[in-house]
Amino acid sequence: MDEHEKLTRRESLVAAGGLVAAALLPGAAEAAGSGPAAVSSGAVACVLSPELTQGPYYVPNEKLRRNITEGKPGVPLELRLTVVDVSTCKPIKGAAVDIWHADAGGAYSGAIAGKPGTNFLRGVQRSDANGLVLFRSIYPGWYPGRAVHVHVLVHVGGNVVHTGQFFFSDSLTDAVYRRAPYSARPGRDTRNAADAIYRNGGSRSLLKPKASGSVYVAALALAVHRT
């Protein structure tokens, strides 16, 4: 990230009108952890994150669960998301974080996606006392017209306080897609720069997963207004 694009913690809190995503700097996850500790230690650079469209495949009232794979094949992906109060950077306990994404074949679950009776790669977690939620999933597949992404909603006190999408670097996606089962479906047609939603601020919602054995781990701190 260019130094001129970085915001200090104080600047980001003053500027925030919605959600602030705090992306871990290289090596910071191991050195300082994620969430409030990483923010206070300076290991996290806070940058204003845009609100991005919910999309057509949201299903409310999904299961509270950490593992959302339901046996779907793919490269393991772990998301470590920490919800903090934008005014204080202190963790918010009990926030509901809802994520959903396509499988390796580019398909969503649920009747809304033409697959009634399914809910793979969907789930909700409530943040613990440290504001942390963990999801175990797989690297998302692609479908025509969209860059690779994960949808997220954050609810606090029954209110939706953030609607967004997480993206991945094209170079990482290229590397992952050389592996099965993704390699059986070549021809990804939309890279980040060609995705209309990504161009509307997705570069500031870019996950930076790090390999940990066979698993990719991505950490992000989400600072939100409580109301």
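Use the structure listed above.
Residues numbered from 1 in each chain as written. Predicted model: local features only at pLDDT ≥ 70, side-chain atom pairs only at ≥ 80, totals over all residues. Heavy atoms only, no water.

**With respect to the pairing of strand β4 (residues 96-100)**
Item 1. β4 sits mainly inside the fold: five of its five residues count as buried.
Item 2. On β4, burial covers both faces: Ala96, Asp98 and Trp100 on one face and Val97 and Ile99 on the other are all buried.
Item 3. Two strands pair when backbone bridges link them, and β4 and strand β5 (residues 122-126) are joined in this way by five bridges, in the antiparallel orientation. Bridge pairing links Asp98 to Val124 in β5.
Item 4. Note: β4 against strand β7 (residues 149-156), five bridges, orientation antiparallel. Looking at the pairing, Ile99 lines up with Val152 of β7. (Buried < 20%, exposed > 50% of the residue type's maximum accessible area, 1.4 Å probe, protein only. Helix = DSSP H or I, 4+ residues; strand = E, 2+ residues; numbered from the N terminus. Pairing = 2+ DSSP bridges.)

**Thoughts on the environment of Lys93**
Item 1. Note on placement: Lys93 falls in the loop between β3 (76-85) and β4.
Item 2. Placed 33 residues apart in sequence, Lys93 and Arg126 show a C-alpha to C-alpha distance of 7.6 Å.
Item 3. For Lys93, the contacting residues outside a window of four places in its chain are Ser127, Asp128 and Ala129. (Contact = heavy atoms within 4.5 Å.)

**Topic: the sheet that holds strand β8 (residues 159-167)**
Item 1. Reading across the sheet, the four strands line up as β5-β4-β7-β8 and stay open at both edges, with antiparallel pairing between neighbours. Both outer strands of the open sheet, β5 and β8, are each paired with one neighbouring strand and no more. Taken pair by pair, the neighbouring strands of this sheet meet at an average axis angle of 20°, ignoring direction. (Axes fitted to C-alpha atoms, helices over the stretch in contact; angles between N-to-C directions.)

**Some points on the pairing of strand β10 (residues 215-224)**
Item 1. Counted residue by residue, β10 has eight buried out of ten residues, so it is predominantly covered.
Item 2. As paired strands, β3 and β10 are joined by nine bridges and run parallel to one another. Along β10, the bridge assignment pairs Arg80 with Ala219.
Item 3. The pairing of strand β9 (residues 210-212) with β10 spans three bridges and is antiparallel. Along β10, the bridge assignment pairs Ala211 with Tyr216.
Item 4. Where β9 folds back onto β10 in an antiparallel hairpin, the turn is made up of two residues, including Gly213, whose phi is positive at roughly 70°.

**Remarks on the packing of aromatic side chains**
Item 1. One pass over the structure, following the stated rule, counts eight aromatic pairs.
Item 2. Ring centres of Tyr139 and Tyr177 lie 6.2 Å apart, and the angle between their planes is 85°; this geometry places the pair in the edge-to-face category. Taken together, the positions of Tyr139 in the loop between β6 (132-138) and β7 and Tyr177 in the loop between α4 (170-176) and β9 put the pair 38 residues apart, joining distant regions of the chain. Taken as a pair, Tyr139 and Tyr177 share a single burial class, namely buried.
Item 3. Judged by centre distance (5.0 Å) and plane angle (10°), the ring pair of Tyr177 and Tyr182 falls under stacked. Grouping residues by exposure puts Tyr177 and Tyr182 together as buried.
Item 4. These aromatic residues form a ring-pair network of at least three members: Tyr139, Phe168, Tyr177 and Tyr182.
Item 5. Across the ring face of Phe120, the terminal group of Lys72 is positioned such that the distance to the ring centre comes to 4.1 Å.
Item 6. Its guanidinium or amino end placed over the ring of Trp142, Arg185 lies 4.0 Å from that ring's centre, counting from NZ or CZ. (Phe/Tyr/Trp six-rings, centres within 6.5 Å; stacked < 30°, edge-to-face > 60°. Lys NZ or Arg CZ within 6 Å of the ring centre and 35° of its normal.)

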